[in-house]
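Summary of structural features
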Amino acid sequence: MKIKGKTVLVTGSGRGIGRSIALRLAQDGANLALVDMMPDGISAVANEIKALGGRAITFTADVSDPQQITAAVESTVHELGGMDIMINNAGIALIGPLIDTEPAAVERVMRVNVNGVLWGIQAAARSFKARSIPGKIISGCSIAGHEGYALLGVYSATKFAVRALTQAAAKELASDGITVNSYCPGVVGTDMWVEIDKRMAEVTGAKVGETYDKFVNNIALGRAQTPEDVAAFVSYLAGPDSDYMTGQSIIIDGGLVYR
Ligand SMILES: NC(=O)C1=CN([C@@H]2O[C@H](COP(=O)(O)OP(=O)(O)OC[C@H]3O[C@@H](n4cnc5c(N)ncnc54)[C@H](O)[C@@H]3O)[C@@H](O)[C@H]2O)C=CC1
Ligand SMILES: CC(=O)C(C)=O
């Protein structure tokens, strides 16, 4: 209950990792603003939070549009009486060989994974500074932000960029008492990995399920990561025990990438 009474905005919280983060932080006592491009998921998650006795509001917004994400932050402050923690979780995958990658596909993944995180950092930092509060900004990175993966090359580049933004924002915002960190999961069994596995099968000729199994078999702890594993770490990043940490993109992957 270390974040009881705090207000948290989580992007991409209609399913997968974002949904688990929202539920975990609601259990920790936070009020939630749920943001996603798809309205149905966040509305279901809001109902789950309310059933737990928590408070949640929803905004359908595209993180790649700075106006939409700024509006979501401002409405959260207005409707919930504040916003203390921003979680830039929304992201999309792009799977395929670099030599075949089309400009439009690169632009799309950059707009969501890189620009989306930048606009989220910007909107949150402006809001924290305007209200003179020591907020926390937490973004979704990946093991692919520490190692470039074959057939996930552009996606990996976007996650390296998230690490760079995390470091630069931490340096720029430290004097305002704002901390900026990222979480770097490994192989989490969400819809994103269903898509990665399916597309990898199309590109490499592997059977459906084979690529996922190959990745999971390399995890030292012997199992795929659950969204709840990620949410437990984000709970630490959102709480006061991480107050002295800033500029870090921390791997939590069950033992797959060692840095
Ligand atoms: N699944 C995995 O193994 C890993 C995922 N990650 C990262 O964690 C984050 C969440 O991943 P998952 O939950 O697996 O993905 P997911 O695909 O299951 O869920 C992503 C959510 O984000 C929303 N979203 C996508 N684009 C959006 C946009 N432009 N604006 C607003 N919402 C948008 C989707 O509607 C969806 O609800 C992503 O940043 C991903 O790159 C990092 C490492 C591993
Ligand atoms: C989706 C993702 O980030 C990986 C490396 O699995």
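Residues numbered from 1 in each chain as written. Chains lettered and ligands numbered in written order. Predicted model: local features only at pLDDT ≥ 70, side-chain atom pairs only at ≥ 80, totals over all residues. Heavy atoms only, no water.

Turning our eyes to something else, we now look at the pairing of strand E3 (residues 56–60). Where strand E2 (residues 31–36) meets E3, 5 bridges bridge the pair, whose relative direction is parallel. Among the inter-strand pairings, Leu34 is bridged to a residue of E3, identified as Thr58. Assessed by its sense of winding, the connection that carries the chain from E2 through helix H2 (residues 39–51) to E3 is right-handed. (Pairing = 2+ DSSP bridges. Helix = DSSP H or I, 4+ residues; strand = E, 2+ residues; numbered from the N terminus. Right-handed = clockwise from strand over helix to strand, strands pointing away.)

Let's shift gears to the site of ligand 2. The full set of residues close to ligand 2 is Ser142, Ile143, Tyr155, Gly186, Met192, Trp193 and Ile196. With respect to ligand 2, the side chain of Tyr155 contributes an N or O atom lying 2.8 Å from an oxygen atom. One of the side-chain N or O atoms of Trp193 is found 2.8 Å from an oxygen atom in ligand 2. For ligand 2, whose unbound accessible area comes to 220 Å², protein coverage reaches 95%. (Near = heavy atom within 4 Å. Polar contact = N/O pair within 3.5 Å; in protein donor to acceptor, adjacent residues only side chain to side chain. Areas by Shrake-Rupley, 256 points an atom, 1.4 Å probe, with all protein chains shown as cover.)

What follows deals with the pattern of salt bridges. Tallied over the entire structure, the rule returns 9 salt bridges. In this structure, the salt-bridge partner of Asp241 is Lys2, at a minimum N-O distance of 2.7 Å. Here Lys2 lies in the segment before strand E1 (7–11) and Asp241 lies in the loop between helix H8 (227–238) and strand E7 (249–252), a separation of 239 residues in the sequence. One salt bridge connects Asp191 with Arg15, and the closest N-O pair in it is separated by 3.3 Å. (Salt bridge = Lys/Arg side-chain N within 4 Å of Asp/Glu carboxyl O.)

A separate point is the UniProt feature "active site" (unreviewed entry) in the chain. Per the UniProt record, the feature "active site" (unreviewed entry) sits at Tyr155. Looking at where Tyr155 falls in the secondary structure, it is placed in helix H5 (residues 153–173). Accessibility expressed as a relative area gives 9% for Tyr155, which makes it buried. Beyond its immediate stretch of four places on either side in the chain, Tyr155 contacts Ile92, Ala93, Leu94, Asn113, Ser142, Ala144 and Met192. (UniProt positions renumbered as here; feature names shortened; annotations may be inferred. Buried < 20%, exposed > 50% of the residue type's maximum accessible area, 1.4 Å probe, protein only. Contact = heavy atoms within 4.5 Å.)

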